[in-house]
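Each chain is listed here by its residues.
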Amino acid sequence: MTAFSRTPGEHSGPLRYPFLLLALFVSAFPVYWTFMIPSRTNDAVGQLPPPFLPGGHFFENAARVFDTVNFGKALLNSLIVAGSITVSTLLFCSAAGFAFAKLTFRGHGALLLTVIATMMVPMQLGIIPLYLEMQEFGWANHLVAVILPTAVTAFGVVFMRQNVLQAVPDELLDAGRMDGCGTLRLYWHVALPALRPGLAVLGLLTFMQAWNDFMWPLIVLNSENPTVQVALSTLAAGHYRDNTLVLAGTALGTLPVLVVFALFGRQIIGGIMEGAVKG
């Protein structure tokens with residue numbers, strides 16, 4: 001019986017669909033507003049009642065974004081940073097999660113506790129020594145300074161460890177060993193295919209976090225080599241805020257995340273729903 005099967009006596013009630021529609025509206029309206037306001041002038045922001053239909057100024061405002069800041073480079077930098085962090089996180093975290101879940105080695109428990117303990121340390125505490133380290137290596141104002149510190153995360157390791165425990169049975173690994181697979185081949189050919197749903201979820205979470213990261217890129221990069229979030233902060237700076245300009249940049253910066261979800265949405269939803277089936 002699946003988690004979606006209705007048990008005897010369970011009723012959806014007459015308010016089910018109104019509540020679902022309300023939740024859909026509350027979730028989708030900010031995204032719609034982000035794309036609608038840039039299609040109008042600044043007067044639309046303060047109108048009462050506010051306009052709900054798009055105007056014809058979106059491309060004009062989008063062009064002003066590229067004229068005001070180096071937004072093309074910011075988009076490219078964010079794609080490089082978010083893509084590199086996502087790939088490295090999926091590779092290293094899945095490998096570490098497989099090791100913690102299925103391999104036995106000295107210090108296994110202590111090392112896992114150390115990884116979990118690092119999740120409790122706020123990132124802000126390490127900003128100053130991390131920046132000094134980037135300067136010592138000569139990486140300040142280079143994208144590598146944004147990528148390497150988050151190339152693997154404790155959350156990703158713990159998340160993938162739990163996925164390996166649930167998705168990769170010991171019998172499957174034993175069968176692979178009987179066929180002559182070593183540890184690396186077991187990880188690459190046996191474990192990874194079974195971890196695709198979990199990898200999709202972790203990949204989306206990692207990409208969004210890297211794409212939306214603001215504080216560390218603001219510290220380690222300058223305005224000539226920004227990411228999207230740093231460029232947006234430049235648009236919002238000053239005594240007068242051009243809301244259509246800021247929201248036009250926000251809309252352009254949101255598009256890659258929407259494209260990623262559109263391309264991998266099925267795998268992401270499958271990963272989220274994995275485990276919803278009861279035996």
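Residues numbered from 1 in each chain as written. Predicted model: local features only at pLDDT ≥ 70, side-chain atom pairs only at ≥ 80, totals over all residues. Heavy atoms only, no water.

**Q** Can you break down the layout of surface pockets residue by residue, with the values?
**A** If you add up the space inside the largest pocket, you get close to 830 Å³. In this structure, the largest pocket is lined by 25 residues; those nearest its centre are M123, P149, T150, T153 and Q209. Those elements giving two or more residues to the lining of the largest pocket turn out to be α3 (71-102), α5 (127-137), α7 (154-167) and α10 (196-212). It is α10 that provides the largest number of residues to the lining of the largest pocket, a total of five residues. Its residues placed into classes, the lining of the largest pocket shows 18 nonpolar, six polar and one charged. (1 Å grid on protein atoms, 1.4 Å probe; cavity = no way out; pocket = protein on both sides within 12 Å on 5 of 7 lines; lining within 4 Å. Points joined across faces, edges and corners; volume = space filled by probe spheres on them. Helix = DSSP H or I, 4+ residues; strand = E, 2+ residues; numbered from the N terminus. Nonpolar A, V, L, I, M, F, W, Y, C, P; charged D, E, K, R; others polar.)

**Q** Explain the nonpolar core residue by residue, including any values.
**A** Inside soluble globular proteins, nonpolar side chains tend to come together where they are buried. Residues V65, F71, W211, W216, V220 and L235 are the most contacted members of the largest nonpolar core, which totals 33 residues. Taken together, the elements giving at least two residues each to this core come down to α2 (58-68), α3, α5, α6 (144-147), α10, α11 (215-220), α12 (228-235) and α13 (243-273). If we ignore the near neighbours within four places in the chain, the residues touching W216 are M123, I127, L130, Y131, M134, A145, V146 and P149. Membership of the second largest hydrophobic core comes to 22 residues, among which are A154, V168, Y187 and V190. (Core = buried A, V, L, I, M, F, W, Y, C linked by side-chain atoms within 4.5 Å. Buried < 20%, exposed > 50% of the residue type's maximum accessible area, 1.4 Å probe, protein only. Contact = heavy atoms within 4.5 Å.)

**Q** Talk me through the side chain of T206; I want residue IDs and the actual numbers.
**A** In this fold, T206 is placed in helix α10. Relative accessible area serves as the criterion here: at 10%, T206 is assigned to the buried category. Excluding anything up to four places from it in sequence, T206 contacts I85, T86 and T89.

**Q** Give a detailed account of unusual backbone geometry, specifying residues and quantitative values.
**A** Here N141, not a glycine, exhibits a phi torsion of approximately 70°, which is positive. Topologically, N141 is positioned in the loop between α5 and α6. On the accessibility criterion, N141 (26% relative accessible area) is partly exposed.

**Q** Talk me through the packing of aromatic side chains; I want residue IDs and the actual numbers.
**A** We describe a pair of aromatic rings using the distance from one ring centre to the other and the angle between the two ring planes. Tallied over the entire structure, the rule returns 11 aromatic pairs. Relative to W33, the ring of F29 has its centre 5.6 Å away and its plane inclined at 35°; by these criteria the two rings are tilted. Of the two residues, F29 and W33 both sit in helix α1 (residues 16-36), four residues apart, roughly one turn of that helix. Taking relative accessible area as the criterion, F29 reaches 23% and is therefore assigned partly exposed. Each residue in the set F25, F29, Y32 and W33 is aromatic and connected to the rest through ring pairs, giving one cluster. (Phe/Tyr/Trp six-rings, centres within 6.5 Å; stacked < 30°, edge-to-face > 60°.)

**Q** Explain the side chain of S39 residue by residue, including any values.
**A** Take S39: it is sitting in the loop between α1 and α2. Polar side-chain contacts of S39 include one of 2.4 Å to the backbone oxygen of M36. Discounting chain neighbours no more than four positions away, the residues touching S39 are P54, G55, G56, H57, F58 and N61. (Polar contact = N/O pair within 3.5 Å; in protein donor to acceptor, adjacent residues only side chain to side chain.)

**Q** Report on α2, specifying residues and quantitative values.
**A** Within α2 the residues assigned to the buried category are F58, N61, A62 and V65. Each buried residue of α2 lies within a common arc of 105° when the element is viewed along its axis, so the set occupies one face. What points out from α2, more than 90 degrees from its buried face, is the exposed set F59 and D67. (Arc of directions from axis to C-beta.)

**Q** Give me the packing of α3 against α7: which residues, what numbers.
**A** Orientation of α3 relative to α7, taken along the N-to-C sense of each, is 55°, at an axis distance of 7 Å. Accordingly, the angle class assigned to the pair α3 and α7 is oblique. Along this stretch, α3 crosses α7, giving a crossing that reads as right-handed. Contact residues: α3 offers C93, S94, A96, G97, F98, F100, A101 and K102, while α7 offers G156, V157, M160, R161, V164 and L165. (Axes fitted to C-alpha atoms, helices over the stretch in contact; angles between N-to-C directions. Parallel < 35°, antiparallel > 145°, perpendicular 65-115°, else oblique. Left-handed = near helix turned anticlockwise from the far one by under 90°.)

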